[in-house]
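Architecture and fold: a report
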Amino acid sequence: MTIFIYIIVALVSISSGYALNKVLSRKKIQDAKQAASQILAQTKKEVENLKKEAELEGKDMILRLRQDFEAKTQSRREELIALEKRLSLKEDNVDRRLALLEKKEKELDAKYDSLRINEDALKAKDKQLAALINEEKERLQKIANLTIEEGKQVLLARLSDELNNEKAVLIKNCEEEIKTTADKRARELISLAVQRCAVEHTVESTVSVVSLPSDEMKGRIIGREGRNIRALEMATGVDVVIDDTPEAVTISGFDPVRREIAKLTLEKLMSDGRIHPGRIEEIAEKTKREMEDKIREEGERAAFEIGLHGLHPELVKLIGRLKFRTSYGQNALQHSKEVAYLMGVMASELNMDFRLSRRIGLLHDIGKAVDHQVEGTHARIGAELAKKYGENNEVIAAIECHHEDHDPKSLLGVMAIAADAISAARPGARRESLEAYVKKLGELEAIANSFKGVEKSYAIQAGREIRVIVQPDRLSDNDTVNLAREIRKKIEGSMDYPRAG
(Lines give C-alpha, C1' and ligand atoms only; values in the text may rest on other atoms or scores of the structure.)
Protein backbone atom coordinates (compact mmCIF):
# COMPACT_ATOMS: atom_id res chain seq x y z
CA MET A 1 0.00 0.00 0.00
CA THR A 2 2.73 2.33 0.91
CA ILE A 3 4.49 1.51 -2.27
CA PHE A 4 1.35 2.13 -4.23
CA ILE A 5 0.88 5.46 -2.57
CA TYR A 6 4.50 6.36 -3.44
CA ILE A 7 3.85 5.37 -6.99
CA ILE A 8 0.72 7.47 -7.17
CA VAL A 9 2.52 10.44 -5.61
CA ALA A 10 5.34 10.01 -8.06
CA LEU A 11 3.00 9.88 -11.00
CA VAL A 12 1.14 12.92 -9.77
CA SER A 13 4.45 14.79 -9.30
CA ILE A 14 5.60 13.77 -12.73
CA SER A 15 2.32 14.82 -14.36
CA SER A 16 2.19 18.06 -12.45
CA GLY A 17 5.83 18.76 -13.31
CA TYR A 18 5.17 17.96 -16.93
CA ALA A 19 2.14 20.23 -16.97
CA LEU A 20 4.06 22.99 -15.20
CA ASN A 21 6.98 22.60 -17.56
CA LYS A 22 4.68 22.77 -20.54
CA VAL A 23 3.06 25.87 -19.21
CA LEU A 24 6.48 27.49 -18.61
CA SER A 25 7.66 26.49 -22.07
CA ARG A 26 4.66 28.06 -23.65
CA LYS A 27 5.27 31.25 -21.70
CA LYS A 28 8.94 31.33 -22.76
CA ILE A 29 7.93 30.79 -26.35
CA GLN A 30 5.45 33.63 -26.11
CA ASP A 31 8.10 35.86 -24.46
CA ALA A 32 10.60 34.93 -27.15
CA LYS A 33 8.10 35.68 -29.92
CA GLN A 34 7.27 39.00 -28.28
CA ALA A 35 11.00 39.92 -27.95
CA ALA A 36 11.64 38.87 -31.54
CA SER A 37 8.78 41.04 -32.77
CA GLN A 38 10.12 43.97 -30.73
CA ILE A 39 13.66 43.48 -32.16
CA LEU A 40 12.24 43.24 -35.65
CA ALA A 41 10.26 46.43 -35.16
CA GLN A 42 13.30 48.21 -33.73
CA THR A 43 15.44 46.99 -36.64
CA LYS A 44 12.88 48.22 -39.17
CA LYS A 45 12.81 51.59 -37.45
CA GLU A 46 16.64 51.83 -37.48
CA VAL A 47 16.75 50.81 -41.14
CA GLU A 48 14.21 53.48 -41.98
CA ASN A 49 16.24 56.05 -40.04
CA LEU A 50 19.47 55.06 -41.84
CA LYS A 51 17.65 55.19 -45.14
CA LYS A 52 16.39 58.70 -44.37
CA GLU A 53 19.87 59.85 -43.28
CA ALA A 54 21.43 58.40 -46.43
CA GLU A 55 18.81 60.15 -48.54
CA LEU A 56 19.50 63.47 -46.74
CA GLU A 57 23.29 63.09 -47.16
CA GLY A 58 22.85 62.24 -50.82
CA LYS A 59 20.66 65.30 -51.31
CA ASP A 60 23.23 67.50 -49.51
CA MET A 61 26.07 66.11 -51.66
CA ILE A 62 24.07 66.63 -54.80
CA LEU A 63 23.33 70.21 -53.69
CA ARG A 64 27.01 70.93 -52.97
CA LEU A 65 28.13 69.44 -56.24
CA ARG A 66 25.52 71.46 -58.06
CA GLN A 67 26.64 74.66 -56.29
CA ASP A 68 30.33 73.94 -57.11
CA PHE A 69 29.44 73.23 -60.71
CA GLU A 70 27.41 76.40 -60.96
CA ALA A 71 30.26 78.48 -59.36
CA LYS A 72 32.86 77.03 -61.73
CA THR A 73 30.54 77.49 -64.66
CA GLN A 74 29.96 81.14 -63.65
CA SER A 75 33.75 81.72 -63.28
CA ARG A 76 34.42 80.19 -66.67
CA ARG A 77 31.61 82.22 -68.14
CA GLU A 78 33.12 85.45 -66.69
CA GLU A 79 36.58 84.48 -67.98
CA LEU A 80 35.16 83.84 -71.42
CA ILE A 81 33.40 87.21 -71.34
CA ALA A 82 36.67 88.95 -70.33
CA LEU A 83 38.57 87.11 -73.08
CA GLU A 84 35.94 88.09 -75.59
CA LYS A 85 36.31 91.74 -74.51
CA ARG A 86 40.12 91.60 -74.79
CA LEU A 87 39.92 89.92 -78.15
CA SER A 88 37.47 92.54 -79.28
CA LEU A 89 39.82 95.32 -78.12
CA LYS A 90 42.78 93.63 -79.82
CA GLU A 91 40.82 93.30 -83.00
CA ASP A 92 39.98 97.00 -82.82
CA ASN A 93 43.67 97.84 -82.19
CA VAL A 94 44.76 95.60 -85.05
CA ASP A 95 42.23 97.24 -87.33
CA ARG A 96 43.45 100.69 -86.35
CA ARG A 97 47.09 99.69 -86.82
CA LEU A 98 46.32 98.19 -90.19
CA ALA A 99 44.62 101.41 -91.15
CA LEU A 100 47.63 103.43 -89.95
CA LEU A 101 50.03 101.10 -91.77
CA GLU A 102 48.07 101.42 -94.95
CA LYS A 103 48.09 105.18 -94.55
CA LYS A 104 51.86 105.25 -93.88
CA GLU A 105 52.47 102.89 -96.76
CA LYS A 106 50.65 105.26 -99.06
CA GLU A 107 52.64 108.20 -97.65
CA LEU A 108 55.92 106.31 -98.12
CA ASP A 109 54.99 105.41 -101.66
CA ALA A 110 54.29 109.06 -102.33
CA LYS A 111 57.58 110.10 -100.71
CA TYR A 112 59.49 107.43 -102.61
CA ASP A 113 58.04 108.69 -105.86
CA SER A 114 58.96 112.28 -104.98
CA LEU A 115 62.47 111.23 -103.86
CA ARG A 116 63.01 109.31 -107.04
CA ILE A 117 62.03 112.37 -109.00
CA ASN A 118 64.31 114.56 -106.83
CA GLU A 119 67.17 112.04 -107.15
CA ASP A 120 66.96 112.18 -110.90
CA ALA A 121 66.99 115.96 -110.68
CA LEU A 122 69.99 115.91 -108.28
CA LYS A 123 71.91 113.58 -110.56
CA ALA A 124 71.35 115.94 -113.40
CA LYS A 125 72.46 118.90 -111.26
CA ASP A 126 75.55 116.95 -110.06
CA LYS A 127 76.54 116.37 -113.66
CA GLN A 128 76.09 120.05 -114.41
CA LEU A 129 78.09 121.03 -111.29
CA ALA A 130 80.92 118.63 -112.14
CA ALA A 131 81.08 120.04 -115.65
CA LEU A 132 81.19 123.59 -114.27
CA ILE A 133 83.94 122.66 -111.79
CA ASN A 134 86.04 121.11 -114.52
CA GLU A 135 85.57 124.19 -116.65
CA GLU A 136 86.61 126.45 -113.74
CA LYS A 137 89.66 124.29 -113.01
CA GLU A 138 90.79 124.45 -116.62
CA ARG A 139 90.19 128.21 -116.70
CA LEU A 140 92.15 128.74 -113.42
CA GLN A 141 95.04 126.60 -114.66
CA LYS A 142 95.21 128.63 -117.85
CA ILE A 143 95.14 131.92 -115.91
CA ALA A 144 97.64 130.92 -113.14
CA ASN A 145 99.83 128.64 -115.26
CA LEU A 146 99.75 126.16 -112.27
CA THR A 147 98.74 122.53 -112.03
CA ILE A 148 96.22 121.36 -109.45
CA GLU A 149 98.94 120.02 -107.12
CA GLU A 150 100.92 123.25 -107.35
CA GLY A 151 97.79 125.23 -106.58
CA LYS A 152 97.12 123.03 -103.51
CA GLN A 153 100.64 123.61 -102.22
CA VAL A 154 100.29 127.39 -102.60
CA LEU A 155 96.96 127.40 -100.79
CA LEU A 156 98.23 125.14 -98.00
CA ALA A 157 101.30 127.32 -97.48
CA ARG A 158 99.15 130.45 -97.23
CA LEU A 159 96.75 128.65 -94.88
CA SER A 160 99.62 127.45 -92.68
CA ASP A 161 100.99 130.98 -92.33
CA GLU A 162 97.55 132.35 -91.50
CA LEU A 163 96.97 129.57 -88.94
CA ASN A 164 100.35 130.18 -87.28
CA ASN A 165 99.60 133.88 -86.93
CA GLU A 166 96.11 133.19 -85.63
CA LYS A 167 97.46 130.57 -83.22
CA ALA A 168 100.05 132.96 -81.81
CA VAL A 169 97.47 135.70 -81.43
CA LEU A 170 95.10 133.25 -79.74
CA ILE A 171 97.80 132.14 -77.29
CA LYS A 172 98.59 135.76 -76.46
CA ASN A 173 94.92 136.54 -75.96
CA CYS A 174 94.52 133.50 -73.70
CA GLU A 175 97.51 134.56 -71.62
CA GLU A 176 96.12 138.07 -71.25
CA GLU A 177 92.77 136.65 -70.27
CA ILE A 178 94.40 134.37 -67.68
CA LYS A 179 96.30 137.30 -66.18
CA THR A 180 93.06 139.18 -65.65
CA THR A 181 91.05 136.32 -64.13
CA ALA A 182 89.87 136.12 -60.53
CA ASP A 183 92.13 135.81 -57.49
CA LYS A 184 91.41 132.10 -57.11
CA ARG A 185 92.57 131.39 -60.65
CA ALA A 186 95.75 133.36 -59.98
CA ARG A 187 96.44 131.22 -56.91
CA GLU A 188 96.03 128.06 -58.96
CA LEU A 189 98.43 129.35 -61.61
CA ILE A 190 101.05 130.17 -58.97
CA SER A 191 100.81 126.63 -57.63
CA LEU A 192 100.65 124.96 -61.03
CA ALA A 193 103.73 126.88 -62.17
CA VAL A 194 105.96 124.74 -59.91
CA GLN A 195 104.43 121.40 -60.80
CA ARG A 196 106.40 118.82 -62.73
CA CYS A 197 105.59 115.44 -64.21
CA ALA A 198 107.10 112.49 -62.37
CA VAL A 199 107.71 108.77 -62.51
CA GLU A 200 106.59 106.23 -59.92
CA HIS A 201 109.21 105.23 -57.39
CA THR A 202 111.03 102.10 -58.44
CA VAL A 203 113.95 101.83 -56.03
CA GLU A 204 113.74 101.30 -52.30
CA SER A 205 116.53 100.55 -49.84
CA THR A 206 115.81 97.15 -48.28
CA VAL A 207 119.12 96.28 -46.60
CA SER A 208 121.14 97.47 -43.63
CA VAL A 209 124.80 96.67 -42.97
CA VAL A 210 126.19 95.97 -39.47
CA SER A 211 129.93 96.34 -38.99
CA LEU A 212 131.66 93.55 -37.04
CA PRO A 213 134.76 93.90 -34.87
CA SER A 214 136.25 90.86 -36.62
CA ASP A 215 135.35 88.01 -38.92
CA GLU A 216 135.40 85.63 -35.93
CA MET A 217 132.17 87.25 -34.78
CA LYS A 218 130.38 85.77 -37.82
CA GLY A 219 130.76 82.26 -36.41
CA ARG A 220 129.31 83.33 -33.04
CA ILE A 221 126.38 85.03 -34.76
CA ILE A 222 125.65 81.89 -36.78
CA GLY A 223 125.92 79.63 -33.71
CA ARG A 224 125.99 75.86 -33.51
CA GLU A 225 124.17 74.46 -36.56
CA GLY A 226 122.86 77.98 -37.25
CA ARG A 227 120.61 78.19 -34.17
CA ASN A 228 121.68 81.74 -33.23
CA ILE A 229 121.03 83.22 -36.66
CA ARG A 230 117.66 81.42 -36.89
CA ALA A 231 116.68 82.74 -33.46
CA LEU A 232 117.63 86.29 -34.53
CA GLU A 233 115.63 86.01 -37.75
CA MET A 234 112.61 84.61 -35.91
CA ALA A 235 112.73 87.28 -33.19
CA THR A 236 113.09 90.26 -35.58
CA GLY A 237 111.34 89.08 -38.77
CA VAL A 238 114.24 89.85 -41.15
CA ASP A 239 116.80 87.90 -43.15
CA VAL A 240 120.38 87.95 -41.89
CA VAL A 241 122.88 87.42 -44.70
CA ILE A 242 126.43 86.44 -43.81
CA ASP A 243 128.66 86.26 -46.88
CA ASP A 244 132.28 86.88 -47.85
CA THR A 245 132.09 90.60 -47.13
CA PRO A 246 134.82 91.26 -44.57
CA GLU A 247 133.73 92.33 -41.09
CA ALA A 248 130.12 93.00 -42.13
CA VAL A 249 126.71 91.38 -41.86
CA THR A 250 123.79 92.32 -44.12
CA ILE A 251 120.24 92.58 -42.75
CA SER A 252 117.55 92.35 -45.43
CA GLY A 253 113.85 93.12 -45.09
CA PHE A 254 111.12 95.31 -46.53
CA ASP A 255 110.07 96.73 -43.17
CA PRO A 256 112.60 99.46 -42.22
CA VAL A 257 111.59 99.38 -38.53
CA ARG A 258 112.26 95.66 -38.30
CA ARG A 259 115.61 96.17 -40.00
CA GLU A 260 116.51 98.84 -37.46
CA ILE A 261 115.41 96.60 -34.55
CA ALA A 262 117.51 93.74 -35.93
CA LYS A 263 120.49 96.05 -36.39
CA LEU A 264 120.30 97.43 -32.84
CA THR A 265 119.73 93.94 -31.41
CA LEU A 266 122.81 92.60 -33.17
CA GLU A 267 124.95 95.54 -32.02
CA LYS A 268 123.81 95.04 -28.40
CA LEU A 269 124.53 91.32 -28.58
CA MET A 270 128.05 91.95 -29.88
CA SER A 271 128.64 94.54 -27.16
CA ASP A 272 127.31 92.20 -24.46
CA GLY A 273 129.24 89.18 -25.74
CA ARG A 274 126.59 86.63 -24.75
CA ILE A 275 125.04 85.33 -27.96
CA HIS A 276 122.59 82.45 -27.60
CA PRO A 277 118.86 81.99 -28.50
CA GLY A 278 117.51 82.93 -25.06
CA ARG A 279 119.62 86.09 -24.86
CA ILE A 280 118.74 86.98 -28.47
CA GLU A 281 114.99 86.86 -27.74
CA GLU A 282 115.43 88.90 -24.56
CA ILE A 283 117.49 91.63 -26.29
CA ALA A 284 115.10 91.67 -29.29
CA GLU A 285 112.06 92.24 -27.05
CA LYS A 286 113.83 94.97 -25.12
CA THR A 287 114.90 96.65 -28.36
CA LYS A 288 111.35 96.52 -29.72
CA ARG A 289 110.07 98.38 -26.65
CA GLU A 290 112.85 100.94 -26.96
CA MET A 291 112.08 101.34 -30.66
CA GLU A 292 108.41 102.01 -29.93
CA ASP A 293 109.41 104.78 -27.54
CA LYS A 294 111.89 106.15 -30.06
CA ILE A 295 109.31 106.12 -32.85
CA ARG A 296 106.80 107.99 -30.67
CA GLU A 297 109.44 110.54 -29.67
CA GLU A 298 110.42 111.12 -33.31
CA GLY A 299 106.78 111.66 -34.26
CA GLU A 300 106.21 114.07 -31.37
CA ARG A 301 109.40 115.98 -32.25
CA ALA A 302 108.35 116.32 -35.89
CA ALA A 303 104.86 117.51 -34.94
CA PHE A 304 106.38 120.02 -32.48
CA GLU A 305 108.81 121.35 -35.11
CA ILE A 306 106.00 121.86 -37.62
CA GLY A 307 103.76 123.39 -34.94
CA LEU A 308 100.90 120.87 -35.11
CA HIS A 309 98.63 119.92 -32.21
CA GLY A 310 95.76 117.52 -31.76
CA LEU A 311 97.19 114.70 -33.85
CA HIS A 312 95.91 111.23 -33.04
CA PRO A 313 98.53 109.21 -31.06
CA GLU A 314 98.57 106.52 -33.76
CA LEU A 315 99.29 109.14 -36.42
CA VAL A 316 102.16 110.43 -34.27
CA LYS A 317 103.61 106.89 -34.18
CA LEU A 318 103.25 106.53 -37.94
CA ILE A 319 105.04 109.85 -38.47
CA GLY A 320 107.87 108.55 -36.29
CA ARG A 321 108.12 105.38 -38.41
CA LEU A 322 108.90 107.56 -41.42
CA LYS A 323 112.27 108.27 -39.76
CA PHE A 324 113.33 104.79 -40.88
CA ARG A 325 111.81 104.95 -44.38
CA THR A 326 113.68 106.17 -47.46
CA SER A 327 112.79 106.76 -51.12
CA TYR A 328 115.56 107.20 -53.69
CA GLY A 329 117.84 107.70 -50.70
CA GLN A 330 115.72 110.61 -49.41
CA ASN A 331 114.55 110.21 -45.80
CA ALA A 332 110.73 110.09 -45.74
CA LEU A 333 110.36 112.02 -42.46
CA GLN A 334 112.73 114.78 -43.59
CA HIS A 335 110.89 114.93 -46.93
CA SER A 336 107.52 115.22 -45.14
CA LYS A 337 108.80 118.08 -42.99
CA GLU A 338 110.15 119.85 -46.08
CA VAL A 339 106.79 119.52 -47.81
CA ALA A 340 105.08 120.89 -44.68
CA TYR A 341 107.41 123.93 -44.66
CA LEU A 342 106.88 124.51 -48.40
CA MET A 343 103.10 124.29 -48.11
CA GLY A 344 103.25 126.69 -45.17
CA VAL A 345 105.18 129.20 -47.29
CA MET A 346 102.71 128.83 -50.17
CA ALA A 347 99.74 129.24 -47.82
CA SER A 348 101.25 132.41 -46.34
CA GLU A 349 101.80 133.90 -49.79
CA LEU A 350 98.30 132.93 -50.95
CA ASN A 351 96.49 134.06 -47.75
CA MET A 352 95.32 130.52 -46.97
CA ASP A 353 95.13 128.40 -43.80
CA PHE A 354 98.76 128.14 -42.68
CA ARG A 355 98.33 125.37 -40.08
CA LEU A 356 96.05 123.23 -42.24
CA SER A 357 98.57 123.41 -45.11
CA ARG A 358 101.42 122.32 -42.84
CA ARG A 359 99.27 119.50 -41.47
CA ILE A 360 98.67 118.19 -45.00
CA GLY A 361 102.39 118.47 -45.81
CA LEU A 362 103.47 116.46 -42.76
CA LEU A 363 100.83 113.75 -43.30
CA HIS A 364 100.93 113.49 -47.10
CA ASP A 365 103.29 110.46 -47.11
CA ILE A 366 101.94 108.82 -43.93
CA GLY A 367 100.96 105.76 -46.00
CA LYS A 368 104.66 104.95 -46.52
CA ALA A 369 104.88 103.94 -42.85
CA VAL A 370 102.78 100.82 -43.55
CA ASP A 371 102.88 100.39 -47.34
CA HIS A 372 104.95 97.20 -46.93
CA GLN A 373 102.15 95.69 -44.84
CA VAL A 374 99.03 96.88 -46.70
CA GLU A 375 98.08 96.47 -50.35
CA GLY A 376 97.71 99.63 -52.45
CA THR A 377 99.51 102.87 -53.22
CA HIS A 378 100.84 104.86 -50.29
CA ALA A 379 98.61 107.81 -51.28
CA ARG A 380 95.44 105.72 -50.96
CA ILE A 381 96.70 104.02 -47.78
CA GLY A 382 97.56 107.43 -46.28
CA ALA A 383 94.09 108.79 -47.08
CA GLU A 384 92.47 105.78 -45.42
CA LEU A 385 94.66 106.20 -42.31
CA ALA A 386 93.84 109.91 -42.10
CA LYS A 387 90.13 109.12 -42.36
CA LYS A 388 90.42 106.36 -39.75
CA TYR A 389 92.08 108.67 -37.22
CA GLY A 390 89.67 111.58 -37.60
CA GLU A 391 91.36 114.02 -40.01
CA ASN A 392 89.05 116.37 -41.91
CA ASN A 393 87.99 115.85 -45.52
CA GLU A 394 90.36 118.49 -46.94
CA VAL A 395 93.38 116.70 -45.45
CA ILE A 396 92.14 113.31 -46.70
CA ALA A 397 91.49 114.60 -50.23
CA ALA A 398 94.90 116.32 -50.46
CA ILE A 399 96.73 113.17 -49.29
CA GLU A 400 94.82 111.01 -51.79
CA CYS A 401 95.60 113.21 -54.79
CA HIS A 402 99.20 114.27 -54.04
CA HIS A 403 100.53 111.81 -56.66
CA GLU A 404 97.82 112.83 -59.14
CA ASP A 405 96.09 109.43 -58.89
CA HIS A 406 92.93 111.54 -58.50
CA ASP A 407 92.15 115.06 -59.67
CA PRO A 408 92.71 117.66 -56.92
CA LYS A 409 89.43 118.71 -55.33
CA SER A 410 90.79 121.97 -53.92
CA LEU A 411 93.76 124.30 -54.13
CA LEU A 412 95.27 122.50 -51.14
CA GLY A 413 95.57 119.34 -53.26
CA VAL A 414 97.38 121.29 -56.00
CA MET A 415 99.73 122.78 -53.38
CA ALA A 416 100.47 119.29 -52.02
CA ILE A 417 101.42 118.08 -55.52
CA ALA A 418 103.63 121.12 -56.08
CA ALA A 419 105.39 121.01 -52.69
CA ASP A 420 105.98 117.26 -53.01
CA ALA A 421 107.59 117.78 -56.44
CA ILE A 422 109.74 120.70 -55.24
CA SER A 423 111.08 118.74 -52.25
CA ALA A 424 112.00 115.78 -54.44
CA ALA A 425 113.40 117.78 -57.36
CA ARG A 426 115.61 120.21 -55.43
CA PRO A 427 119.36 119.70 -55.94
CA GLY A 428 120.79 117.23 -53.46
CA ALA A 429 117.43 115.84 -52.38
CA ARG A 430 118.07 112.47 -53.92
CA ARG A 431 120.97 110.29 -54.73
CA GLU A 432 121.83 110.85 -58.38
CA SER A 433 125.21 110.69 -59.96
CA LEU A 434 126.79 113.84 -61.36
CA GLU A 435 127.02 112.16 -64.76
CA ALA A 436 123.28 111.41 -64.82
CA TYR A 437 122.50 114.96 -63.68
CA VAL A 438 124.66 116.53 -66.40
CA LYS A 439 123.26 114.12 -68.98
CA LYS A 440 119.71 115.17 -68.15
CA LEU A 441 120.58 118.85 -68.54
CA GLY A 442 122.24 118.07 -71.88
CA GLU A 443 119.11 116.26 -73.09
CA LEU A 444 116.98 119.29 -72.24
CA GLU A 445 119.30 121.61 -74.20
CA ALA A 446 119.42 119.15 -77.11
CA ILE A 447 115.61 119.11 -77.36
CA ALA A 448 115.49 122.91 -77.47
CA ASN A 449 118.33 123.12 -80.03
CA SER A 450 116.57 120.66 -82.36
CA PHE A 451 114.02 123.29 -83.43
CA LYS A 452 114.63 125.56 -86.42
CA GLY A 453 115.51 129.15 -85.60
CA VAL A 454 117.07 128.31 -82.20
CA GLU A 455 120.59 129.73 -81.90
CA LYS A 456 121.47 128.50 -78.40
CA SER A 457 119.73 127.16 -75.27
CA TYR A 458 120.73 126.88 -71.59
CA ALA A 459 119.19 124.61 -68.92
CA ILE A 460 119.13 126.48 -65.60
CA GLN A 461 117.48 126.19 -62.18
CA ALA A 462 118.58 122.53 -61.85
CA GLY A 463 116.82 121.69 -65.11
CA ARG A 464 113.52 123.31 -64.19
CA GLU A 465 113.92 126.15 -66.71
CA ILE A 466 115.37 126.55 -70.21
CA ARG A 467 116.55 129.86 -71.64
CA VAL A 468 116.28 129.79 -75.44
CA ILE A 469 118.03 132.32 -77.71
CA VAL A 470 116.47 132.49 -81.18
CA GLN A 471 117.61 133.92 -84.52
CA PRO A 472 115.58 137.14 -84.94
CA ASP A 473 115.89 137.12 -88.74
CA ARG A 474 114.18 133.71 -88.92
CA LEU A 475 111.51 133.92 -86.21
CA SER A 476 108.96 136.64 -85.46
CA ASP A 477 107.41 137.40 -82.08
CA ASN A 478 104.39 135.25 -82.92
CA ASP A 479 106.70 132.42 -84.00
CA THR A 480 108.52 132.49 -80.63
CA VAL A 481 105.21 131.93 -78.83
CA ASN A 482 104.56 128.84 -80.93
CA LEU A 483 108.19 127.72 -80.50
CA ALA A 484 107.98 127.84 -76.68
CA ARG A 485 104.81 125.77 -76.79
CA GLU A 486 106.31 123.15 -79.11
CA ILE A 487 109.48 122.84 -76.99
CA ARG A 488 107.40 122.35 -73.87
CA LYS A 489 105.26 119.66 -75.55
CA LYS A 490 108.31 117.75 -76.77
CA ILE A 491 109.98 117.83 -73.32
CA GLU A 492 106.78 116.63 -71.63
CA GLY A 493 106.45 113.81 -74.13
CA SER A 494 110.02 112.54 -74.06
CA MET A 495 111.42 113.21 -70.56
CA ASP A 496 110.54 112.56 -66.93
CA TYR A 497 110.95 114.80 -63.89
CA PRO A 498 111.55 113.48 -60.38
CA ARG A 499 108.99 113.63 -57.64
CA ALA A 500 108.76 112.11 -54.16
CA GLY A 501 108.05 108.43 -54.27
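Notes on the structure in this doc start here. (Residues numbered from 1 in each chain as written. Predicted model: local features only at pLDDT ≥ 70, side-chain atom pairs only at ≥ 80, totals over all residues. Heavy atoms only, no water.)

Considering the sheet that holds strand E2 (residues 239–241)
For clarity, the threshold we go by: Pairing between strands is defined by DSSP: at least two bridges between the two strands are required. Numbering of helices and strands runs from the N terminus; a helix is a DSSP stretch of H or I covering at least four residues, while a strand is a stretch of E covering at least two. Between N-to-C directions, angles cover 0 to 180 degrees, with each direction set by a line fitted to C-alpha atoms, over the stretch in contact for helices. It only takes one pair of heavy atoms within 4.5 Å for two residues to be counted as in contact.
Taken together, three strands build an open sheet; the order of strands is E1-E3-E2 and the sheet is antiparallel. Looking at which strands have only one partner, the edges of the open sheet turn out to be strand E1 (207–211) and E2. Ignoring strand direction, the axes of neighbouring strands in this sheet form an average angle of 25 degrees. Bridging between E1 and strand E3 (residues 248–252) involves five bridges; their strand directions are antiparallel. Bridge pairing in E3 places Val207 opposite Ser252. Strands in contact with helix H6 (residues 256–272) are E1 and E3; relative to E1, the strand with the most contacts, it is inclined by about 10 degrees.

What to know about unusual backbone geometry
The residue Glu225 is not glycine, and still its phi comes out positive at about 55 degrees. By the secondary structure assignment, Glu225 is in the loop between helix H4 (216–222) and helix H5 (227–236). Phi is positive for Asn351, which is not a glycine, with a value near 55 degrees. When you line up the elements, Asn351 lands in the loop between helix H9 (332–349) and helix H10 (354–363).

Here we look at the packing of aromatic side chains
As a reminder, the rule being used: Aromatic rings from Phe, Tyr and Trp, taking only the six-membered ring of Trp, are treated as a pair when their centres fall within 6.5 Å; an angle between ring planes under 30 degrees marks them as stacked, one over 60 as edge-to-face, and anything in between as tilted. For a lysine, the NZ atom is tested; for an arginine, the CZ atom; a charge sits over a ring if that atom is within 6 Å of the ring centre and within 35 degrees of the ring normal.
All chains considered together, the criterion is met by zero aromatic pairs. Directly above the aromatic system of Phe451 lies the positively charged group of Lys490, at a separation of 5.5 Å from the ring centroid.

Some thoughts on the nonpolar core
Filter applied, for reference: Here, nonpolar core means buried Ala, Val, Leu, Ile, Met, Phe, Trp, Tyr and Cys residues that are tied together by side-chain atoms lying within 4.5 Å of each other. Whether a residue is buried, partly exposed or exposed follows from its accessible area with a 1.4 Å probe, protein chains only, as a fraction of its type maximum: under 20%, in between, or over 50%, in that order.
Residues Leu311, Leu318, Ile319, Ile360 and Met415 are the most contacted members of the largest nonpolar core, which totals 41 residues. Those elements that place two or more of their residues in this core are helix H7 (277–306), helix H8 (313–321), H9, H10, helix H11 (378–388), helix H12 (393–401) and helix H13 (411–425). Residue contacts for Ile319: discarding those within four places in its chain leaves Gly299, Ala302, Leu311, Leu333, Leu362, Leu363 and Ile366.

Let's talk about the pattern of salt bridges
Threshold: Salt bridge, as used here, is a side-chain nitrogen of Lys or Arg placed within 4 Å of a carboxyl oxygen of Asp or Glu.
Summed over all chains, the structure comprises twelve salt bridges. Of the charged contacts in the structure, one is a salt bridge between Lys317 and Glu314, with a shortest N-O distance of 3.8 Å. Taken together, the positions of Lys317 and Glu314, both in helix H8 and three residues apart, correspond to about one turn of that helix. One network of salt bridges, with partners in common, ties together Asp272, Arg274, Arg279 and Glu282.

Digging into the side chain of Ser357
Rule in force here: Whenever two N or O atoms come within 3.5 Å, that pair is a polar contact, provided that in protein one can donate a hydrogen and the other can accept it, and provided that, for residues adjacent in sequence, both atoms are side-chain atoms.
Note on placement: Ser357 falls in helix H10. A distance of 2.8 Å separates a polar side-chain atom of Ser357 from the backbone oxygen of Asp353. When residues no more than four places from it in sequence are discounted, the contact partners of Ser357 are Met343, Ala347, Leu412 and Met415.

Observations concerning a nonpolar patch on the surface
So the rule is basically this: The residues that make up patches have over 30% relative accessible area and no salt bridge, and they are joined within 9 Å when like-charged or within 5 Å when they are Val, Leu, Ile, Met, Phe, Trp or Tyr. Computed by Shrake-Rupley with a 1.4 Å probe, the accessible areas treat only the displayed protein chains as cover when residues are assessed.
A surface patch of nonpolar side chains, about 440 Å² in accessible area, is lined by Phe4, Ile5, Ile8, Val9 and Val12. Its place among the elements puts Ile5 in helix H1 (residues 2–144). Look at Ile5 and you get partly exposed, because its relative accessible area is 41%.

Quick look at H6
Side chains of residues three or four places apart in an α-helix project in the same direction, reflecting 3.6 residues per turn. Selection rule: For a helix, the expected span equals 1.5 Å multiplied by the residue count minus one.
Between the first and last C-alpha of H6 there are 24 Å, a value that for 17 residues agrees with the 24 Å anticipated at 1.5 Å per step. What H6 keeps buried is the set Pro256, Val257, Arg259, Glu260, Ile261, Ala262, Thr265, Leu266, Leu269 and Met270. On its buried side, H6 packs onto E1, H4, H5, E3, H7 and H8. Gly273, located one to two residues past H6, shows a positive phi value of around 95 degrees.

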